[in-house]
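Spelled out from the first residue to the last, the chains are:
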Amino acid sequence: MLRGIARGMAAGAIGTLTLNIVTYADMAIRGRPSSEAPAKLAGILADNAGIDLTGGKSGDDAKELVKNRQSGLGALLGYVTGLGVGSIYGAVRAGADRTSKPVASLALGLVAMATSDVPLTVYGLTDPAQWTRAEWIADLVPHLAYGFMTAVVYDALTPDHR
């Protein structure tokens with residue numbers, strides 16, 4: 001099972017890279033800004049955990065430091081999600097699950113999307129019910145790319161894959 005988890009984590013890393021490439025390409029093509037929601041979520045989670053992001057500073061220096069740390073933590077949350085979903089997938093697949101690649105790809109993409117979007121929704125940072133079609137596509141397509149690549153890479157790393 002540990003090998004399955006390791007393969008899943010490696011596959012999730014490549015899936016996360018793919019998600020980021022698709023997301024940044026969309027931003028470059030459409031000229032849209034990056035989302036501030038992950039950074040805001042990181043700030044909320046840090047506050048809830050009692051973590052001071054000011055580094056003991058105050059004023060404008062503290063504001064800039066907090067903003068930078070939240071940005072970094074928000075990006076790290078994305079990596080934790082991608083690696084975590086991949087690891088869980090690896091554990092499930094190691095248990096002899098033989099789900100087809102299209103079904104696995106779709107499930108992985110939707111699970112990764114839910115893992116990202118549900119906390120943002122719970123904390124009031126987004127409301128998917130209010131999203132436009134373009135916003136849904138901008139969120140769904142990179143996550144589906146994540147799912148596809150994670151499933152493909154996992155199978156490629158699995159010695160008994162046929």
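Here we summarise the structure given alongside this text.

Criteria and thresholds
- Residues numbered from 1 in each chain as written.
- Predicted model: local features only at pLDDT ≥ 70, side-chain atom pairs only at ≥ 80, totals over all residues.
- Heavy atoms only, no water.
- Helix = DSSP H or I, 4+ residues; strand = E, 2+ residues; numbered from the N terminus.
- Expected span 1.5 Å × (residues − 1).
- Buried < 20%, exposed > 50% of the residue type's maximum accessible area, 1.4 Å probe, protein only.
- Contact = heavy atoms within 4.5 Å.
- Phe/Tyr/Trp six-rings, centres within 6.5 Å; stacked < 30°, edge-to-face > 60°.
- Axes fitted to C-alpha atoms, helices over the stretch in contact; angles between N-to-C directions.
- Parallel < 35°, antiparallel > 145°, perpendicular 65-115°, else oblique.
- Left-handed = near helix turned anticlockwise from the far one by under 90°.
- Nonpolar A, V, L, I, M, F, W, Y, C, P; charged D, E, K, R; others polar.
- Core = buried A, V, L, I, M, F, W, Y, C linked by side-chain atoms within 4.5 Å.
- Salt bridge = Lys/Arg side-chain N within 4 Å of Asp/Glu carboxyl O.

1. Details of helix α5 (residues 133-157)
So, point 1. Across its 25 residues, α5 extends 36 Å between first and last C-alpha, which sits within 8% of the 36 Å expected from 1.5 Å per residue.
So, point 2. Restricting attention to buried positions, one finds in α5 the residues A138, D139, P142, H143, A145, Y146, G147, T150, A151, V153, Y154 and D155.
So, point 3. Here the buried face of α5 lies against α1 (2-30), α3 (59-94) and α4 (101-122).

2. Topic: the packing of aromatic side chains
So, point 1. Taken as a whole and judged by the stated rule, the model has two aromatic pairs.
So, point 2. Look at Y89 and Y154: their rings are 5.4 Å apart centre to centre, the planes differ by 75°, and that puts the pair in the edge-to-face class. Taken as a pair, Y89 in helix α3 and Y154 in helix α5 lie far apart in primary sequence, 65 residues in all. For the pair Y89 and Y154, a shared accessibility class is recorded, and that class is buried.

3. Some points on the environment of A112
So, point 1. When you line up the elements, A112 lands in helix α4.
So, point 2. Taking relative accessible area as the criterion, A112 reaches 3% and is therefore assigned buried.
So, point 3. Residues A112 and V85 lie 27 residues apart in sequence; the distance between their C-alpha atoms is 6.4 Å.

4. Re the packing of α3 against α4
So, point 1. Where α3 contacts α4, the two axes come as close as 10 Å, and the packing angle between them is 140°. Taken together, α3 and α4 sit at an angle that is classed as oblique. Considering only the axes of α3 and α4, their crossing is right-handed. Contacts between α3 and α4 pair T81, V85, Y89 and R93 from the former with A104, L108, V111, A112, T115 and S116 from the latter.
So, point 2. When its residues are assigned to classes, the contact of α3 with α4 shows six nonpolar, three polar and one charged.

5. Focus on the nonpolar core
So, point 1. Core analysis: the biggest nonpolar cluster contains eleven residues, these being A11, L19, V85, Y89, A104, L108, A112, Y146, A151, V153 and Y154.
So, point 2. Those elements that provide at least two residues to this core are α1, α3, α4 and α5.
So, point 3. For A151, the residues in contact, after removing those within four places along its chain, are Y89, K101, A104, S105 and L108.

6. As for the pattern of salt bridges
Once the charged atoms of two side chains with opposite charge are near each other, the side chains can pair.
So, point 1. Within the structure shown, the criterion is met by four salt bridges.
So, point 2. One salt bridge connects R30 with D26, and the closest N-O pair in it is separated by 2.6 Å. Of this pair, R30 and D26 both sit in helix α1, four residues apart, which is roughly one turn of the helix.
So, point 3. Residue classification places R30 among the partly exposed positions, given a relative accessible area of 44%.

Function cannot be read off these values alone, since they describe shape.
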